[in-house]
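Descriptive structure summary
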Amino acid sequence: GLELSHCVGTNPLGPTVPWRSRGPCKMKRVRTVFKPEQLERLEKEFLKQQYMVGTERVDLAATLHLTETQVKVWFQNRRIKWRKQSMEQKAAKLSQFGVIQPATADSTDVKDPEEDTVDVEL
């Protein structure tokens, strides 16, 4: 699973902070730090296909010594980054021709339902 750090709102050297002492301890997940070799391979796979599912994802995770969830989330976040870059490039091209683009999202964008609850790890 995911690694968890100390309780949020607690101090290992003293008592809990008064405004955080009520309720159960909330654990903060440790951010995944990818090795350069892992990132290189993930980027290479992303260039081939933006969606990694099933046995391909399991195999890639095993090869890179990552969990399947880490690979899944990396691909979700990379798709978000790719879409943002694509929108920025599109806006830059339109601005060259003096076309003003609305600030709202394009209704033709296809959204991955898994991305509604993305655990961002950039």
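See the structure printed just above.
Every value quoted in this text rests on a predicted model; they were computed, and no experiment measured them. (Residues numbered from 1 in each chain as written. Predicted model: local features only at pLDDT ≥ 70, side-chain atom pairs only at ≥ 80, totals over all residues. Heavy atoms only, no water.)

1. Some remarks on the pattern of salt bridges
Applicable threshold: A pair is scored as a salt bridge if a Lys or Arg side-chain nitrogen falls within 4 Å of a carboxyl oxygen belonging to Asp or Glu. Runs of H or I in DSSP of at least four residues are treated as helices and runs of E of at least two as strands, each being numbered from the N terminus. Three exposure classes are used, based on accessible area relative to the maximum for each residue type with a 1.4 Å probe and protein chains only: buried under 20%, partly exposed in between, and exposed over 50%.
If you walk through the whole model with that rule in mind, you get four salt bridges. Ionic pairing is found between Glu-45 and Arg-41, a salt bridge with its closest N-O pair at 3.0 Å. Placement of both Glu-45 and Arg-41 in helix α1 (residues 36-48) is noted, with a separation of four residues, approximately one turn of the helix. Residue Arg-41 is classed as partly exposed on the basis of its relative accessible area of 30%. Note that Arg-78 is salt-bridged to Glu-43, the shortest N-O span being 3.0 Å. Highlighted residues: Arg-78 in helix α3 (residues 68-96) and Glu-43 in helix α1, separated in sequence by 35 residues. You can call Arg-78 buried: its relative accessible area is 13%. Exposure remark for Glu-43: the relative accessible area of 28% places this residue in the partly exposed category. Because the salt bridges share partners, they merge into one network encompassing Arg-41, Glu-45 and Lys-48.

2. Considering the packing of helix α2 (residues 54-64) against α3
The line we're drawing: Interaxial angle, 0 to 180 degrees, is taken between N-to-C directions of lines fitted to C-alpha atoms, where a helix line uses only the stretch in contact. Comment on the angle field: the value is read as roughly parallel under 35 degrees, roughly antiparallel over 145, roughly perpendicular from 65 to 115, and oblique elsewhere. Contacts are assigned to residue pairs that have any heavy atoms within 4.5 Å of one another. When residues are sorted by character, Ala, Val, Leu, Ile, Met, Phe, Trp, Tyr, Cys and Pro go into the nonpolar class, Asp, Glu, Lys and Arg into the charged class, and all the rest, Gly among them, into the polar class.
Two numbers describe how α2 lies on α3: the axes approach to 8 Å, and their chain directions differ by 110°. The angle between α2 and α3 falls in the class roughly perpendicular. Contact residues: Arg-57, Val-58, Leu-60 and Ala-61 in α2; Glu-68, Val-71, Lys-72 and Phe-75 in α3. Taken together, the residues that form the contact of α2 with α3 break down as five nonpolar, no polar and three charged.

3. Overview of α1
Heads up, the condition is: A helix is expected to span 1.5 Å for every residue after the first. Starting at the helix axis, one direction is taken to each C-beta atom, and the arc is that of these directions.
Spanning 13 residues, α1 covers 19 Å between terminal C-alpha atoms, matching the ideal 18 Å at 1.5 Å per step. Buried residues of α1: Gln-38, Leu-42, Glu-45 and Phe-46, and no others. End-on, the buried residues of α1 take up no more than an arc of 105°, which puts them together on one face. Of the residues in α1, the exposed ones pointing more than 90 degrees away from the buried face are Pro-36, Glu-37, Glu-40, Leu-47 and Lys-48.

4. Some thoughts on α2
For α2, the set of buried residues is Arg-57, Leu-60, Ala-61 and Leu-64. Buried residues of α2 fall within an arc of 100° about the axis and therefore sit on the same side. Summarising the geometry of α2, the exposed residues directed more than 90 degrees from the buried face are Thr-55 and Ala-62. Lining the buried residues of α2 we find α1 and α3. Backbone geometry just after α2 places His-65 at a positive phi near 60°.

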